[in-house]
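# Secondary and tertiary structure notes
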Amino acid sequence: MRIARMGAIGSERPVVIEGDEAIFVDSLIKDWSRQELEQGAFDRIKKANLSTLPRTPVNSYRLGSPINRPTKVICVGLNYLKHIAETGAETPKEPVIFMKAPDCVVGPDDDIVIPPGSTATDYEVELAIVIGKRALYLENPEQSPDYILGYTISQDVSERHWQIERSGQWVKGKSFPTFNPIGPSIVTGDSINPHNLRLWCEVDGVIKQDSNTDDLLFGINHIVWYISQFMELFPGDIINTGTPFGVGLGFKPPVYLHGGQVVRTGIEGIGEITSKTIDHKHLLNP
Ligand code: MG
């Protein structure tokens, strides 16, 4: 099953996607959100007869983030070997995890705003795990699939100057408004194998990243189990699982994003998302 949210910013409605059509399910659940998922929204929709509900072509409305206001965005850094090499880092012995302000999550095709003064805004295609039920202190990685709702595409936009040179935690370069487009839909865990998916990112029509999730250093189940040792995971929480080789930081010299570009981000079996970049100053002085 594919789940998504459609409509203008702030008034998105929950849908289930079948082929090219979206089925509005807001007569059955209020939203795809932590609260609704905790109250069994997914199981209710799974059992419901959707045939009589209103439908619309998927491309007839804006898509929002497939989860409304996730309560956490947790990221795994340095999780593909060739990406570790391009950053000059050492291979981590345990997953590197960091947080991203959840408010920076936007819809899959919304604009990415380059922050004031930024000269090092970078792209990162990532497979995102979406949590389906509370997970804390899992005993082993084999338990993880029970706690995963599904998978989606995440663009973990990163400002390298603030991330790396401004001291302290990476969160400084990761949380600017619009810095995490997510979507287009969540493909539920029962309908996709996350361990062998091509993932790619293209800037202005040029492929920059092209890899496969079978190159992950720490796999999906390991990541969920591992993070649950340090914090409680809740339905709708997003885990960005790391980005492969080919980020702008890895070029000699680095090649970063600027306003007026188009970033396409895709994962096999999930789809693709498209973001335009826009300079913050153009928002102030259109
Ligand atoms: Mg990342």
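Residues numbered from 1 in each chain as written. Predicted model: local features only at pLDDT ≥ 70, side-chain atom pairs only at ≥ 80, totals over all residues. Heavy atoms only, no water.

## A word on the coordination of the magnesium ion
Heads up, the rule is: Donor atoms: N, O and S within 2.8 Å of the metal, or within 3.2 Å for Na, K and Ca. Because water is excluded, sites can look incomplete. Here's how the labels work: a residue is buried when its accessible area is under 20% of the maximum for its type, exposed when over 50%, partly exposed in between, all with a 1.4 Å probe on protein chains only.
The magnesium ion binds to the protein through Glu 124 (OE), Glu 126 (OE) and Asp 156 (OD); the donor distances cover 1.9 to 2.1 Å. Mapping the donors of the magnesium ion onto the primary sequence yields the spacing E-x1-E-x29-D. Assigned by exposure class, Glu 124 and Glu 126 land together as buried.

## As for the pattern of salt bridges
To keep things clear, this is the line we draw: Counted as salt bridges are all cases of a side-chain nitrogen of Lys or Arg within 4 Å of a carboxyl oxygen of Asp or Glu. Going along the chain from the N terminus, every DSSP run of H or I of four or more residues is numbered as a helix, and every run of E of two or more is numbered as a strand.
Tallied over the entire structure, the rule returns 21 salt bridges. Residues Arg 34 and Glu 38 are paired through a salt bridge, measuring 3.6 Å at the closest nitrogen-oxygen approach. Of this pair, Arg 34 and Glu 38 both sit in helix 1 (residues 34–38), 4 residues apart, which is roughly one turn of that helix. Several salt bridges share partner residues, and in doing so they unite Lys 100, Asp 122, Glu 124, Asp 156, Arg 160 and Lys 174 into one network.

## Quick look at the sheet that holds strand 9 (residues 112–114)
Under the convention used in this document: We call two strands paired when DSSP finds no fewer than two bridges between them. Note on definitions: angles span 0 to 180 degrees between N-to-C directions of axes, and those axes are lines fitted to C-alpha atoms, for helices only across the stretch in contact.
Reading across from one edge, 9-19-18-15-16 is the order of the 5 strands in this open sheet, with mixed pairing throughout. What marks the edges here is a single partner per strand, and that holds for strand 9 and strand 16 (206–212). With strand direction ignored, the average angle separating the axes of adjacent strands in the sheet is 20°.

## Considering the pairing of strand 3 (residues 21–24)
In terms of strand pairing, strand 2 (residues 13–18) meets strand 3 through 4 bridges, oriented antiparallel. Each bridged residue has a counterpart across the sheet, and for Ile 17 the counterpart in strand 3 is Ala 22. Counted between consecutive antiparallel strands, the loop separating strand 2 from strand 3 contains 2 residues, among which Gly 19 sits at a positive phi close to 60°.

## Remarks on the domain arrangement of the protein chain
To be explicit about the condition: Start and end positions for the domains come from either an automated domain assignment or a database one. Only heavy atoms matter for contacts: two residues are in contact if any of them lie within 4.5 Å across the pair. Two parts placed together each lose some accessible area under a 1.4 Å probe, and adding up what both lose gives the buried area. Side-chain atoms alone can form a polar contact between residues adjacent in sequence; in general such a contact is a pair of N or O atoms within 3.5 Å, and within protein one must be able to donate a hydrogen while the other accepts it. Residue classes follow a fixed rule: Ala, Val, Leu, Ile, Met, Phe, Trp, Tyr, Cys and Pro count as nonpolar, while Asp, Glu, Lys and Arg count as charged, and any other residue, Gly among them, counts as polar.
Partitioning the protein chain into structural domains gives domain 1 (2–60) and domain 2 (73–284). Each of domain 1 and domain 2 has a C-alpha centre, and the two are 25 Å apart. On the side of domain 2, 13 residues touch domain 1, which itself brings 9 residues to the contact. Surface buried jointly by domain 1 and domain 2 totals about 990 Å² across both partners, of which 59% is contributed by carbon and sulfur atoms. By the criterion of area lost to domain 2, the three top residues of domain 1 are Arg 2, Ile 3 and Arg 34, representing 53% of everything that side buries. Linking domain 1 with domain 2 are 2 salt bridges, by the criterion used here. Among the salt bridges present, the one from Glu 38 reaches Arg 134, with a minimum N-O distance of 3.3 Å. Inspection of the region where domain 1 meets domain 2 yields 5 residue pairs in polar contact (both at pLDDT 80 or more). Looking at the side of domain 1 that touches domain 2 residue by residue, the classes come out as 5 nonpolar, no polar and 4 charged.

## As for the nonpolar core
Just so we agree on the cut-off: In plain words, nonpolar cores are sets of buried Ala, Val, Leu, Ile, Met, Phe, Trp, Tyr and Cys residues tied together by side-chain atoms within 4.5 Å.
Grouped together as the largest cluster of nonpolar side chains are 35 residues, with contacts concentrated most on Ile 129, Tyr 151, Val 224, Leu 233, Ile 239, Ile 267 and Ile 270. At the level of elements, strand 6 (73–77), strand 11 (125–131), strand 12 (148–155), strand 15 (198–203), helix 5 (220–227) and strand 18 (262–267) are the ones that each hand at least two residues to this core.

## Describing the environment of Ile 182
Inspection of the secondary structure assignment puts Ile 182 in strand 14 (residues 180–188). In the structure, Ile 182 is positioned 119 residues away from Leu 63 in sequence and 9.8 Å away in space, judged by C-alpha atoms. Setting aside residues up to four positions removed in sequence, Ile 182 forms contacts with Gly 64, Ser 65, Pro 66, Val 105, Val 106, Gly 107, Pro 108, Thr 152, Ile 153, Ser 154 and Ile 238.

## Some remarks on the side chain of Ser 33
Topologically, Ser 33 is positioned in the loop between strand 3 and helix 1. Taking relative accessible area as the criterion, Ser 33 reaches 12% and is therefore assigned buried. Separated by 3.3 Å, the side chain of Ser 33 and the backbone nitrogen of Glu 36 make a polar contact.

## Describing helix 5
Rules: By definition, the arc is the one covered by directions from the helix axis to the C-beta atoms.
Turning to helix 5, its buried residues number three or more, namely Ile 220, Ile 223, Val 224, Tyr 226 and Ile 227. Down the axis of helix 5, the smallest arc covering the buried residues is 165°, so these residues share one side. Those residues of helix 5 hidden inside the fold are in contact with strand 6, strand 7 (96–100), strand 11, strand 12 and strand 17 (238–240).

## Topic: unusual backbone geometry
Along the chain, Gly 183 connects to Pro 184 via a cis peptide bond; the corresponding omega equals 0°. Structurally, the position occupied by Pro 184 is in strand 14. Geometrically, the link from Lys 252 to Pro 253 is a cis peptide bond, its omega value of -5° lying close to zero. Looking at the element boundaries, Pro 253 is found in the loop between strand 17 and strand 18. Residue Leu 78 is not a glycine yet carries a positive backbone phi of 50°. Not every positive phi belongs to a glycine, and Thr 178 is a case in point at roughly 75°. Relative to the helices and strands, Thr 178 is located in the loop between helix 4 (160–165) and strand 14. Classification of Thr 178 as buried rests on a relative accessible area of 14%.

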